[in-house]
Amino acid sequence: MLVVVLDLFGTFVFALSGAMVGVQKRLDLFGVLVLSFAVGAAGGMTRDVLLGAVPPVAISDWRYIVVALGAGLLTFYWWPVIDRMRGTVLIFDGAGLALFAVTGAQKALNAGINPVAAVLLGVLTGVGGGMLRDVLVSEIPTVLRSELYAVAALAGATVVVIGDRLPVPASVAMNAGALLCFGLRVVAIRRGWQLPT
Amino acid sequence: MLVVVLDLFGTFVFALSGAMVGVQKRLDLFGVLVLSFAVGAAGGMTRDVLLGAVPPVAISDWRYIVVALGAGLLTFYWWPVIDRMRGTVLIFDGAGLALFAVTGAQKALNAGINPVAAVLLGVLTGVGGGMLRDVLVSEIPTVLRSELYAVAALAGATVVVIGDRLPVPASVAMNAGALLCFGLRVVAIRRGWQLPT
Amino acid sequence: MLVVVLDLFGTFVFALSGAMVGVQKRLDLFGVLVLSFAVGAAGGMTRDVLLGAVPPVAISDWRYIVVALGAGLLTFYWWPVIDRMRGTVLIFDGAGLALFAVTGAQKALNAGINPVAAVLLGVLTGVGGGMLRDVLVSEIPTVLRSELYAVAALAGATVVVIGDRLPVPASVAMNAGALLCFGLRVVAIRRGWQLPT
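Keep in mind it's a predicted model, so treat the numbers as computed, not measured.

Draft legend 1. Geometry of the overall build of chain A. A count of helices and strands for chain A gives 10 helices and 0 strands. Of the regular secondary structure in chain A, the N- to C-terminal order runs α-α-α-α-α-α-α-α-α-α. Relative to a compact globule of 197 residues, whose C-alpha radius of gyration would be 16 Å, chain A shows 16 Å and is just as compact. Counting only C-alpha atoms, chain A reaches 50 × 40 × 30 Å along its principal axes.

Draft legend 2. Representation of the interface of chain A and chain C in the model. Facing the 23 residues of chain A at the interface are 22 residues of chain C. Summing the contributions of chain A and of chain C, the shared interface buries around 1,900 Å²; its carbon and sulfur component is 76%. Counting the surface chain A buries against chain C, the share from its top three residues, Leu50(A), Leu120(A) and Leu144(A), is 33%. Secondary-structure elements contributing two or more residues to the side of chain A that touches chain C are α2 (29-51), α7 (115-136), α8 (142-145) and α9 (147-165) of chain A. No other element matches α7(A), which puts 6 residues into the side of chain A that touches chain C. Grouping the amino acids of the side of chain A that touches chain C by side-chain chemistry returns 16 nonpolar, 4 polar and 3 charged.

Draft legend 3. Geometry of unusual backbone geometry. Residue and element names in this part refer to chain A. Geometrically, the link from Val54 to Pro55 is a cis peptide bond, its omega value of -10 degrees lying close to zero. Mapped onto the elements, Pro55 comes out in the loop between α2 and α3 (57-60). Positive phi values are uncommon outside glycine, yet Ser138 reaches one of about 60 degrees. Tracing the backbone through its elements, the reader meets Ser138 in the loop between α7 and α8. Overall, the relative accessible area of 22% leaves Ser138 in the partly exposed class.

Draft legend 4. Region of interest: the relation of the copies chain B and chain A. With an RMSD of 0.0 Å, the fit of chain B onto chain A corresponds to turning through 120 degrees and sliding 0.0 Å along the axis. Each copy turns onto its partner about a three-fold axis. The position closest to the rotation axis in chain B is occupied by the C-alpha of Ser138(B), lying 3.4 Å away.

Draft legend 5. Representation of the relation of the copies chain A and chain C. Superposing chain A onto chain C takes a rotation of 120 degrees plus a shift of 0.0 Å along the axis, which leaves an RMSD of 0.0 Å. When the interface residues of chain A are mapped onto chain C, a mere 13% of them are again interface residues, pointing to distinct binding faces.

Draft legend 6. Up close: the interface of chain B and chain A. Opposite the 24 residues of chain B that make contact, chain A presents 22 residues. Contact between chain B and chain A buries roughly 1,900 Å² in total, counting both sides, with carbon and sulfur atoms accounting for 76%. When the area that chain B buries against chain A is broken down by residue, the three leading residues are Leu50(B), Leu120(B) and Leu144(B), summing to 32%. Summed over the shared surface of chain B and chain A, the number is 0 salt bridges. Listed by contribution, the elements that provide at least two residues to the side of chain B that touches chain A are α2 (29-51), α7 (115-136), α8 (142-145) and α9 (147-165) of chain B.

How each quantity is defined
Residues numbered from 1 in each chain as written. Chains lettered and ligands numbered in written order. Predicted model: local features only at pLDDT ≥ 70, side-chain atom pairs only at ≥ 80, totals over all residues. Heavy atoms only, no water. Helix = DSSP H or I, 4+ residues; strand = E, 2+ residues; numbered from the N terminus. Rg over C-alpha atoms; globule rule 2.2 N^0.38 Å. Contact = heavy atoms within 4.5 Å. Buried area = accessible area lost by both parts, 1.4 Å probe. Nonpolar A, V, L, I, M, F, W, Y, C, P; charged D, E, K, R; others polar. Buried < 20%, exposed > 50% of the residue type's maximum accessible area, 1.4 Å probe, protein only. Least-squares fit on C-alpha atoms with pLDDT ≥ 70 in both. Salt bridge = Lys/Arg side-chain N within 4 Å of Asp/Glu carboxyl O.

Just distances and angles here, no functional claims.
Structure follows, in structure tokens:
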């Protein structure tokens, strides 16, 4: 249950970042909603397709769709408010990254895949949505340019996979991984690196 | 049977629109054929992959491949003729959009997915090919910029999903949805909005 | 066994070509590694997803991941050496294309798909990685512009599919197809066509 809530929260903040790029690119409402859904759901959908878990949860569970589109509507109609909260959104985005990286790695482990692939799928879940966002607005994905973003996801996913081999509960490893990833992102943001906005 | 014919017809007109962009971007024959297949088949392939219906019908049924590549050959070698029919092609494209949106939503419902996701997959089937086309030629997808295109698909798919809850045959809901979607597109075209060509 | 070795070799040279583009675009280490993996694995992953063979071998077999990332590390830290070997890398890339096209077509045939689709999936396996590479750095894929690249893959895959109908062992058809594809590429390179680097 907690995992689902956190997962929906991650979807929301990622959808928010997609919608913000859409508004800045002067897309219309529908374009903004497409970007919201793409950024919020694409990473997890790719992971589920690669693991054979279809239909992906981002589609089969309507709450993910509603949350992603809700973030888009919010951004489109409350742009001045959202725009002012940019700094906070960046922090939220770091939280989303942390969460998606660890839940992605854990879901991959649960599917019985090898540890290297589990780390890879954790990173993919975390960064996939943002990559699609940038490709759709015809830019080189920031994750390719801004080292600490994907490295933070890598660190978080690695902690989960290592924890899986140790005699600790999965929840402990996931919390530790998420904290490490989030901490790295916050440090990176404080030192002046920014998401592409 | 009728559905397959209409589906192949939709594949053909979408492949035509992909090939036209390819010729205008001065791609060689092979590039044009790749764009034809991409635009004609990508939306349905993504839908099938997300529903777990693999291999997707656009690949497992050779007629889809032949129709898509045939549209590409036609456009490449008969460019002056195709170019003059641009207005007609736009109308055909609206027909393809309408058809793909309703068949996509219906296939999703048949797979037992929730209604919100069925609408989403209908829209995706309709607009996915065009999005891939624009990404491949390094442009921001028009569907993100031109509101009434995706909204028309949304309207058509929604009618199918609502019809599924009412005591009407699926064929009636699909016809109504396709007509609504097509009508919206034709009005949009008449009022001056254009596909990116 | 031989097939796996050759497949890993193809993954390596494709990953090398992805990493070279990444270094030239001044991506950081992580961006280079993402491009390496994308170019080395994307074609095969798409093929496996479309055939329903999930998780794709490029993920479920850790050796593919290690080989792809190894090529990225090599390129990033030994750039002067790799840069000087550019001509050799082009030849290697042709070998990778040949190999992926024939193994892709063969895997599709083994999955019981129709012959036209098997050819298509062979081509896709060969050219998919390079297409993703170019989309990620926001360029029109070279395969769309440089005719003989995809045509070589098409020739190789076609030989495999025709061979499947003749009373010859699959290994003979695969060797013949790979040689034809590789030969076409080498001729194209010698006559002055170049990969996008």
